[in-house]
Amino acid sequence: MHCILPLLLATAALAAPPLLPVVEAEGQIYVPGNPNNGAGPLWCYGSTVLARLGDNVFASGMEVLPDQKPLNNTRWTLFQLIDGEWKLIQADPTGRQREPCPLGVFADGRLLLTSNPTLTEPGTYNGAAQPQVLVFDTAHPAAPPQTMLPVWQDPPTFSEHSYRGFCVDGPNHEALYFNNLGYDSIYWSFLDRDGKWSAQGKLSVPFGAEFEKPEFIRVCYHNMALRNRAAHTMGVSDIIEPVREWREYKLILHNGQQWDYDFRRLYYCYTPDITKEAWKPWILVADCDKTCGHITNLDLWIDAQGRAHLLWLESSVWDTRVRDQFFPDALATQSLMYAVVENGQVGRKVCLQKGGEKQETREVPGYAHFQATPDGRLFVFYYVSGADAQGRGLAENRLLEMYPDGTFSAPVRVALQHPFNSFMTAGERGGSAPSATLDVIGQANEMNGIAYARINLLNQVLAQFDATITRTADGSEVALDASGSRSAEGRIASYAWQIGEQKATGETVRQRVAHGGQVPVSLTVSDGQGHTNVSRRTLHLPPAPDDFGLRQWGLVERIEAEGFAREGGGVIHVRTDKLNASGLSLSHYDTTGHWLEWEFDVPADDRYYLAARYAVPTGSARALAVDGKDVGELAFPATGGYGSEVADDWALTSLQAASKPAALTLTTGKHTLRLTNTNGLGVNLDYLELLAATLAMQTPVGFRGVEQDGYRFALPLQGTLAPTQIRPELGFCYNFTLGPQWPGDGIKDGPPSTLHLFEDGKELGPAHFLHADIRTKGEGRFSHWVTMLYFSASDNSDPRVNGRRYEWRVER
């Protein structure tokens, strides 16, 4: 399936008004906590937890019960949006369960919330559960709900792992409830308009007869739709990896961890009448089998003709390490896909956007949902991350319109201050009426917990701007461009900017800023007809000299996070896949007591400010010690996420005292810096920097000078191999990842490696040897190949445990 460029057919484009989505509200609903039970507030992503009935908007939440043990350690909560603020209306007074609780709303005012309370005693790990539907009156949502028990065919014993799906036909006051049991069956129960569970059955899942070991293919995370008793479902395969070679290799990659599920087939199934006709055979809509990829089912919409519109995400490669081992020529790409199914036949598939390796764009699509308006127009609201044409990090939501012939409009940016990276909407599958108002719930960048936004898709005027931040010797230059602003009836007549405390006018503005941190920016545009719109965004500027009381940057020494020399209390993960990282980065730093220690050389006596580049969804901190002495705490405010191969969540922080940057007094020579996790919260690290208070910028001996966007720093040309990060390869050969900052042999048009390797101070060799000889002969042979060090101990012992110190050095 090839992606096509957005094609605007003349008839469709001329008939459709321009897309001018306006954000009317956004903010936090609640902070759920981590249940540590395998689920989370959006775990039921196939079925919504948000519903709108007229002006009333409701959300189902998940509260972690701190005095209860997993798995059943959460309870449902019910929130309502009242006068622009989310209020907690009710919470389960007695029940405990594992999963979030999908909901739906009937046009007559009934709100239905699914629940699956455990029947076990507190402290019991798992066991039986009782599926329920709680019925609230939206006119009096604080009143106790009515509890309904769905009727099941040959009632089995359900568990806390329900993988349940839920949908309602709002106008007809009917609902359909799915509950998975084991790997081979989906139990379903139908609630009719008379309030009776009048039909029920068991839907068999597809069967993988072609597998080496034939087995049923469990289908999970159901997108379900019910319209005039025609029922539809779409889900993704969820089974243990069926390919033996891949399964065994993943076992090695995961350090023996048995969890390894396959999510790479997309299935669809339907029945014309849930009360009268059996379900039709499953249809395999898409798969990523050839390259061990990944599929995420996103949304399902049924049009007036009964056709099913499907939306899903295809990742050609889920783990690049598996790709490198079994199909190295495969490209890692991610595609947002759309298809229409009519009478059980997939009529057409369209790629809405594609990004990844060797693609025309580095913009990578993510989560997406449909939104239909009362007149039958269909829109796709989706997330895009990655990098733009200039290589700058990108994270935003966009909107496009699907046309009846399968073509689609050019996408437009939705100017959310906190773009949603994972989300649900108040859609028709949950009973909400078609609307030009899009309600969104989910995880938003740089916002803690679960967020909400309301977006008017069809406004008269749209304020929209791009921001470019360039680091300078004394701060940053901010370039603002509002040329993307639009008017439905004419041209934009005026542009008014508020940039922090400064005001400006004009379509484009440039401003120099002599400080770092957050800078709020707002743009107000007006057209000739008096329509106005405001777009707001918070810019995150990198630290500036003035933040540290400096006139300009002096010597800046960068310490890459992956260059730590020792660790204890845990094992960090060194990552190659984080977007816009400087070299490699560190993750899985979430165990209390886990410490990392770096060694570094100071070229001259001075006071040095400590800065760190990091990513974390919620605020965290680390205890800091320098040369064995406690210095204080390094705080890491929330950035919105841990980052990924498609999301840039990096930010900068610095050591503070009394809310001001604190300097470390360091003397010439070697020092150590240790960060210790004392709170059990995670944080991903990219690098540390030491900013000299008085020394001028220079490139000291043993360092390499680097300049990026007018910002200069010195990078050390030596390091220590942390024993915990040395990996056995074959024979006497061991691997250590140095990363792209220190490239080795084997890079096209690159210079030869100059790396020297030392064991307890004695140089090893022969250097840059054949890998086969390192494996079979060892005795200190090594090779610096691309970003990896292949080496052996002088006596062919295990360098992870032989007690020796291994250091490397490269020439400038």
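Residues numbered from 1 in each chain as written. Predicted model: local features only at pLDDT ≥ 70, side-chain atom pairs only at ≥ 80, totals over all residues. Heavy atoms only, no water.

Let us now look at the overall build of the chain. Assigned secondary structure in the chain consists of 4 helices and 65 strands. Against the compact-globule benchmark of 28 Å for 812 residues, the chain has a radius of gyration of 28 Å, which places it among compact chains. Taken along its principal axes, the extent of the C-alpha atoms in the chain is 85 × 70 × 55 Å. Evaluated residue by residue, the chain yields a buried proportion of 55% over its 812 residues. Counting contacts in the chain only where the partners sit at least 6 residues apart, residues at least 24 apart contribute 63% of the total. Total accessible area on the chain is roughly 33800 Å²; 50% of this is exposed by carbon and sulfur atoms. Here the chain contributes 70 positively and 93 negatively charged side chains, and the mean placements of these two sets differ by 1 Å. (Helix = DSSP H or I, 4+ residues; strand = E, 2+ residues; numbered from the N terminus. Rg over C-alpha atoms; globule rule 2.2 N^0.38 Å. Buried < 20%, exposed > 50% of the residue type's maximum accessible area, 1.4 Å probe, protein only. Contact = heavy atoms within 4.5 Å. Areas by Shrake-Rupley, 256 points an atom, 1.4 Å probe, with all protein chains shown as cover. Lys, Arg positive; Asp, Glu negative; His and termini not counted. Charge placed at Lys NZ, Arg CZ, Asp CG, Glu CD.)

Moving on, we come to the nonpolar core. Formed by 82 residues in total, the largest nonpolar core has its most connected members in Leu352 and Val380. In this structure Val380 touches Leu311, Leu336, Leu352, Ala368, His369, Phe370, Arg398, Leu399, Leu400 and Met402, once residues within four positions along its chain are discounted. The next biggest cluster of nonpolar side chains, apart from the first, holds 36 residues, and it includes Phe636, Leu655, Ala662 and Leu685. (Core = buried A, V, L, I, M, F, W, Y, C linked by side-chain atoms within 4.5 Å.)

What follows is about the side chain of Ser115. Inspection of the secondary structure assignment puts Ser115 in strand β7 (residues 110–115). By relative accessible area, which is 1% here, Ser115 ends up buried. In this structure the side chain of Ser115 is engaged in a polar contact, spanning 2.9 Å, whose partner is the side chain of Gln97. Non-local contacts of Ser115, meaning those with residues more than four positions away in its chain, are made with Trp76, Gln97, Cys101, Gln130, Pro131, Gln132, Leu134, Arg164 and Tyr177. (Polar contact = N/O pair within 3.5 Å; in protein donor to acceptor, adjacent residues only side chain to side chain.)

Next up on the list: the packing of aromatic side chains. All chains considered together, the criterion is met by 33 aromatic pairs. Where Phe207 meets Phe216, the ring centres are 5.1 Å apart and the plane angle is 75°; that geometry is what we call edge-to-face. For Phe216, a relative accessible area of 37% translates into the label partly exposed. Three or more aromatic residues joined by ring pairs make a cluster, and in this case those are Trp43, Tyr45, Tyr163, Tyr221, Phe263, Trp318, Tyr367, Phe381, Phe420 and Phe423. The aromatic ring of Tyr711 is capped on one face by Arg471, whose charged end is 3.5 Å from the ring centroid. Seen from the ring of Tyr687, Arg558 lies directly overhead, with NZ or CZ sitting 3.7 Å from the centre. (Phe/Tyr/Trp six-rings, centres within 6.5 Å; stacked < 30°, edge-to-face > 60°. Lys NZ or Arg CZ within 6 Å of the ring centre and 35° of its normal.)

Moving on, we come to the sheet that holds strand β9 (residues 146–148). Taken in spatial order, the 4 strands of this open sheet run β6-β7-β8-β9, and their pairing is antiparallel. Because the sheet does not close on itself, it has two edges, and the strands there are β6 (103–105) and β9. If you compare each strand with its neighbour and ignore which way they point, the axes differ by 25° on average. With 3 bridges joining them, strand β8 (residues 132–137) and β9 adopt antiparallel strand pairing. Bridging from a neighbouring strand, Leu134 pairs with Thr147 of β9. (Pairing = 2+ DSSP bridges. Axes fitted to C-alpha atoms, helices over the stretch in contact; angles between N-to-C directions.)

On to the pattern of salt bridges. As enumerated under the stated definition, the model contains 46 salt bridges in all. Of the charged contacts, one joins Arg454 and Glu24 as a salt bridge, the two residues approaching to 3.0 Å between their closest N and O atoms. A residue pair is termed long-range when its members are at least 10 positions apart, and Arg454 in strand β32 (residues 450–456) and Glu24 in strand β1 (residues 22–30) qualify at 430 residues. The residue Glu174 makes a salt bridge to Arg229 at a minimum N-O spacing of 2.6 Å. One end of the pair, Glu174, is in strand β11 (residues 174–181); the other, Arg229, is in the loop between β16 (219–227) and β17 (230–237), and 55 residues separate them in sequence. Residue classification places Glu174 among the buried residues on the basis of a relative accessible area of 0%. When its relative accessible area of 22% is taken as the criterion, Arg229 is described as partly exposed. The network of salt bridges with common partners includes Glu210, Glu241, Lys250, Asp262, Arg264, Arg265 and Asp289. (Salt bridge = Lys/Arg side-chain N within 4 Å of Asp/Glu carboxyl O.)

Among the 10 residues in strand β27 (residues 378–387), 10 count as buried, and that is most of the element. In β27, alternate side chains face the same way, and those of Leu378, Val380, Tyr382, Val384 and Gly386 on one face and Phe379, Phe381, Tyr383, Ser385 and Ala387 on the other are all buried. Note: strand β26 (residues 363–372) against β27, 8 bridges, orientation antiparallel. Counted as the bridge partner of Pro365 is Val384 from β27. A loop of 5 residues connects β26 with β27, the two strands running antiparallel in sequence, and Gly376 in this loop sits at a positive phi of about 90°. Hairpin remark: β27 followed by strand β28 (residues 393–402), antiparallel, with 5 residues in the connecting loop; positive phi at Gly391, about 85°.

The next subject is the sheet that holds β28. Taken together, 4 strands build an open sheet; the order of strands is β26-β27-β28-β29 and the sheet is antiparallel. Two strands in the sheet have a free side with no partner beyond their single neighbour: β26 and β29 (412–414). For this sheet the average axis-to-axis angle between neighbouring strands, irrespective of direction, equals 35°. As judged from the 3 bridges shared by β28 and β29, these two strands associate in the antiparallel manner.

What follows is about helix α2 (residues 244–253). When α2 is considered as a whole, its buried residues turn out to be Trp246, Lys250 and Leu253. Around the axis of α2, the buried residues are gathered within 50° of arc, so they sit on the same side. Considering only its buried residues, α2 is in contact with α3 (320–326). Residue Asn255 follows α2 closely and has a positive phi angle near 55°. (Arc of directions from axis to C-beta.)

Burial along strand β53 (residues 663–666) is one-sided: Leu664 and Leu666 are buried, and none of Ala663 and Thr665, which face the opposite way, are. As paired strands, strand β47 (residues 606–615) and β53 are joined by 4 bridges and run antiparallel to one another. Along β53, the bridge assignment pairs Tyr609 with Ala663.

The linkage connecting Pro70 with the following residue, Leu71, adopts the cis geometry, with an omega of 15°. As for its position among the elements, Leu71 is in the loop between β3 (56–64) and β4 (74–82). Of note, the amide linkage connecting Gly765 to Pro766 takes the cis form, showing an omega dihedral of 0°. Structurally, Pro766 can be placed in the loop between β62 (762–763) and α4 (771–776). For Asn580, which is not glycine, the phi dihedral falls at a positive 60°. Relative to the helices and strands, Asn580 is located in the loop between β44 (573–575) and β45 (585–587). What makes Asn580 partly exposed here is its relative accessible area of 26%.

So, on to the confidence of the model for the chain. Across the chain, the average pLDDT comes to 93, with 98% of residues at or above 70. Confidence drops under a pLDDT of 50 for residues 4–14, and excluding neighbours within four residues, the segment shows 20 contacts in the predicted structure. (pLDDT = per-residue confidence, 0-100.)

Okay, the state of the cysteines next. Summed over all chains, the structure comprises 0 disulfides. With no disulfide of its own, Cys220 lies closest to Cys44 among cysteine sulfurs, the gap being 13 Å. Of all cysteine sulfurs, the one in Cys288 lies closest to Cys292, which takes part in no disulfide; the gap is 9.8 Å. The class of Cys292 is buried, set by a relative accessible area of 4%. (Disulfide = S-S within 2.5 Å.)

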